[in-house]
Amino acid sequence: MKKSKFFTLAIIIVFIGWLFLYEKPTIKGFYQGEANGYFVQILIRKDEGIFVEWIDNREVDRGTFKKINDKSYSFESDRQSFQIELNKDNSFEIFINNINGINPIIMKKVSSEDTWIEFGEFDDVEEYKGLLD
């Protein structure tokens, strides 16, 4: 009898500990992925509902996003519309046909900070923006 009470109590303690330690994935911060020699970065400012996208440190897009459900988000800008599904490890996939065809680019979270980043000025920004077309 004592063993079954101890075992039940141990299971309850482990379950409660798991609930406190388990952190749900949240869309916020800086994400980065690489495909065919291009580095794609996306900054997501959750509180403001905005995103900025760079390819090889050139800003190519910015817009808004909204939550569809616990894991899915819809992104909108003047250049593109796309949806993502957030994975348990806070990564997600995007598709940029002119970079990687029909293969996804895995965007991994590299920082929870949503601080604005300035990479400098480049003369070929329009060429990089064209990759989104």
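Being a predicted model, the structure only gives us computed values, none of them experimental. (Residues numbered from 1 in each chain as written. Predicted model: local features only at pLDDT ≥ 70, side-chain atom pairs only at ≥ 80, totals over all residues. Heavy atoms only, no water.)

## Here we look at the layout of surface pockets
Working step 1: Counted as a void, the largest pocket has a volume near 250 Å³.
Working step 2: Lining the largest pocket are 13 residues, and of these Lys24, Pro25, Asp70, Lys71 and Leu86 lie nearest its centre.
Working step 3: Here the lining of the largest pocket is built from residues that sort into 5 nonpolar, 2 polar and 6 charged. (1 Å grid on protein atoms, 1.4 Å probe; cavity = no way out; pocket = protein on both sides within 12 Å on 5 of 7 lines; lining within 4 Å. Points joined across faces, edges and corners; volume = space filled by probe spheres on them. Nonpolar A, V, L, I, M, F, W, Y, C, P; charged D, E, K, R; others polar.)

## Things to note about the pairing of strand 2 (residues 38-45)
Sheet faces and side chains relate simply in a regular strand, where the side chains alternate between the two faces.
Working step 1: As paired strands, strand 1 (residues 29-35) and strand 2 are joined by 7 bridges and run antiparallel to one another. Looking at strand 2, one finds that Gly33 is bridged to Val40.
Working step 2: A loop of 2 residues connects strand 1 with strand 2, the two strands running antiparallel in sequence, and Asn36 in this loop sits at a positive phi of about 50°.
Working step 3: Taken together, the 6 bridges between strand 2 and strand 3 (residues 50-55) define a ladder with antiparallel strand orientation. Across the sheet, the residue bridging to Gln41 is Trp54, located in strand 3.
Working step 4: What sits between strand 2 and strand 3 in their antiparallel hairpin is a turn of 4 residues, with Gly49 showing a positive phi close to 70°. (Pairing = 2+ DSSP bridges. Helix = DSSP H or I, 4+ residues; strand = E, 2+ residues; numbered from the N terminus.)

## Describing the sheet that holds strand 1
Hydrogen bonding along the main chain pairs the strands of a sheet, whether they run parallel or antiparallel.
Working step 1: Strands sit in the order 6-5-4-3-2-1-8-7 across an open sheet of 8 strands; the sheet is antiparallel. Because the sheet does not close on itself, it has two edges, and the strands there are strand 6 (81-85) and strand 7 (92-94). Neighbouring strand axes in the sheet, compared pairwise and without regard to direction, differ in orientation by 30° on average.
Working step 2: Strand direction decides the pairing type here: strand 4 (residues 58-67) and strand 5 (residues 72-76), joined by 4 bridges, are antiparallel. The residue of strand 5 that forms the bridge with Phe65 is Phe75. (Axes fitted to C-alpha atoms, helices over the stretch in contact; angles between N-to-C directions.)

## Overview of the environment of Lys129
Working step 1: With respect to the helices, strands and loops of the structure, Lys129 is situated in helix 3 (residues 125-129).
Working step 2: Counting along the chain gives 69 residues from Lys129 to Val60, while the straight-line C-alpha distance between them is 4.7 Å.
Working step 3: Setting aside anything within four residues of it in sequence, one finds Lys129 in contact with Glu59, Val60 and Arg79. (Contact = heavy atoms within 4.5 Å.)

## Examining the environment of Ile27
Working step 1: When you line up the elements, Ile27 lands in the loop between helix 1 (2-21) and strand 1.
Working step 2: For the pair Ile27 and Leu86, spaced 59 residues apart in sequence, the C-alpha separation works out to 7.4 Å.
Working step 3: When neighbours within four sequence positions are excluded, Ile27 is seen to be in contact with Ile44, Lys46, Phe65, Tyr73, Ile84, Leu86 and Phe92.

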